[in-house]
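Residues per chain, in single letters:
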Amino acid sequence: MADHDRLTEYRGKRDARKTPEPVPASGPVPQGDDDTFVIQEHHARSLHWDLRLERDGVLVSWAVPKGIPADPKTNHLAVHTEDHPLEYATFEGEIPRGEYGGGTMTIWDRGTYETEKWSDREVMIVLSGSRVTGKYVLFKTGGKNWMIHRMDPPADPDAEPLPDRVLAMEPEEKQRLPRDQARYAFEFAWDGRRLLAFVEGGRTRFTDGEGRKVGGPAGLGARLGASLGVRPAVLDGELATVDGREVYLIFDLLHLDGHPLFEEPYEERRSRLDDLDLNGPRWQTSPWFPGDGGAVRDAAREQGLPGVVAKRLDSPYEPGERPGTWRFVAS
């Protein structure tokens with residue numbers, strides 16, 4: 001099939017003078033081995049992942065809003081989009097705002113694939129990448145909509161789905177800081193609204209401390225979800241006013257990458273939370289200070305905060321409990 005037949009729609013949506021994307025001139029298509037795939041993470045109007053398969057000199061493409069499923073129990077929507085040129089398999093960059101697909105494009109995974117079946121309604125492939133491996137099938141459901149299904153066993157057999165809800169662990173109120181401060185870390189009490197975030201596939205849902213579904217501030221869920229990408233997680237924190245603006249302050253990590261962390265000690269959970277580097281315009285990882293409660297309490301008083309929360313370094317997360325391993329001390 002002639003090149004202009006396959007890439008006419010692609011070229012029609014892009015202005016080569018304005019976008020850094022490859023826009024090849026009309027002409028014969030390259031001849032490859034029909035075995036290259038790429039998955040690009042696309043932070044456009046809404047986060048999604050683009051799966052592209054080399055086929056007959058172009059990259060046949062699907063936009064997958066929630067990413068490639070890792071478990072055969074879950075099918076994900078895949079929206080068939082226009083064919084892309086082979087040069088797009090190495091493209092990363094910033095598509096200008098106002099242009100088609102405006103936003104940041106990065107390569108999330110790439111590798112080779114084998115074709116087991118290819119028709120207008122069903123594509124069965126085996127992917128061999130650094131992040132995604134295994135047998136998948138894409139099947140048409142209607143219009144441009146397809147679904148993608150993993151045919152192999154789960155990529156992580158021990159992975160568990162996110163819980164529907166989690167009751168918040170609460171501190172006991174105490175008059176004094178703990179004597180053995182070396183066994184504790186100290187956080188500011190923000191006097192905010194308790195909010196647990198359940199992040200999956202770049203999307204976020206929120207509950208309050210009693211497990212009731214609530215809405216978050218406009219735009220927070222999508223942007224927080226985008227910061228985690230495909231990594232599923234449950235976060236615990238407070239929605240508080242800091243320097244005159246509403247910020248989601250995250251202070252605990254309860255579930256990550258399919259594995260619950262409730263039994264892990266507080267110190268380990270906080271370390272893993274820090275590694276996620278969740279800091280943006282509307283959300284921040286709240287600081288924690290091992291060992292010196294007096295200094296943290298003094299700082300809370302100076303900032304007009306209600307107090308500090310002392311958390312024992314070895315404490316598990318006990319949903320819905322007030323066990324005494326966390327204690328609130330007023331400033």
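Scroll up to find the structure this text is about.
Throughout, residues of each chain are indexed from 1 in the direction in which the sequence is written. Totals for whole chains, interfaces and linings use all residues, but because this is a predicted model, local features are given only for residues with pLDDT of at least 70 and pairs of side-chain atoms are given and counted only at 80 or more. Values reported for side chains reflect all heavy atoms of the structure, with hydrogen atoms and water molecules removed beforehand.

Draft legend 1. A look at the pattern of salt bridges. For salt bridges, the criterion is a side-chain nitrogen of Lys or Arg within 4 Å of an Asp or Glu carboxyl oxygen. With the rule as written, the count across this model stands at 22 salt bridges. Across the pair D208 and R212 runs a salt bridge whose closest N-O atoms are separated by 2.7 Å. For D257, the salt bridge goes to R231, with nearest N and O atoms at 2.6 Å. Residue D257 is found in the loop between strand 16 (245–256) and strand 17 (259–260), and its partner R231 is found in the loop between helix 2 (220–228) and strand 15 (233–242); the two are separated by 26 residues along the sequence. Bridged by salt links that share partners, the residues E9, K13, R14, E21 and E82 form one connected network. Only DSSP runs of H or I covering at least 4 residues are called helices, and only runs of E covering at least 2 are called strands; the numbering of each starts at the N terminus.

Draft legend 2. Main features of the packing of aromatic side chains. The aromatic pairing rule takes the rings of Phe, Tyr and Trp, using the six-membered ring of Trp, and pairs them if the centres are within 6.5 Å, calling planes under 30 degrees apart stacked, those over 60 edge-to-face and the rest tilted. By the definition in use, this model includes eleven aromatic pairs. Between W62 and W146 the ring centres are 5.5 Å apart and the planes differ by 75 degrees, which places this aromatic pair in the edge-to-face class. Here W146 lies in strand 9 (residues 145–150) and W62 lies in strand 3 (residues 58–64), a separation of 84 residues in the sequence. Neither W62 nor W146 differs from the other in exposure class; each is buried. The interplanar angle of 80 degrees and the centroid separation of 5.7 Å between the aromatic rings of Y317 and W326 together place this pair among those described as edge-to-face. A simple rule labels every residue: compare its accessible area, found with a 1.4 Å probe on the protein chains alone, to the largest value its type can have, and call it buried under 20%, exposed over 50%, or partly exposed in between.

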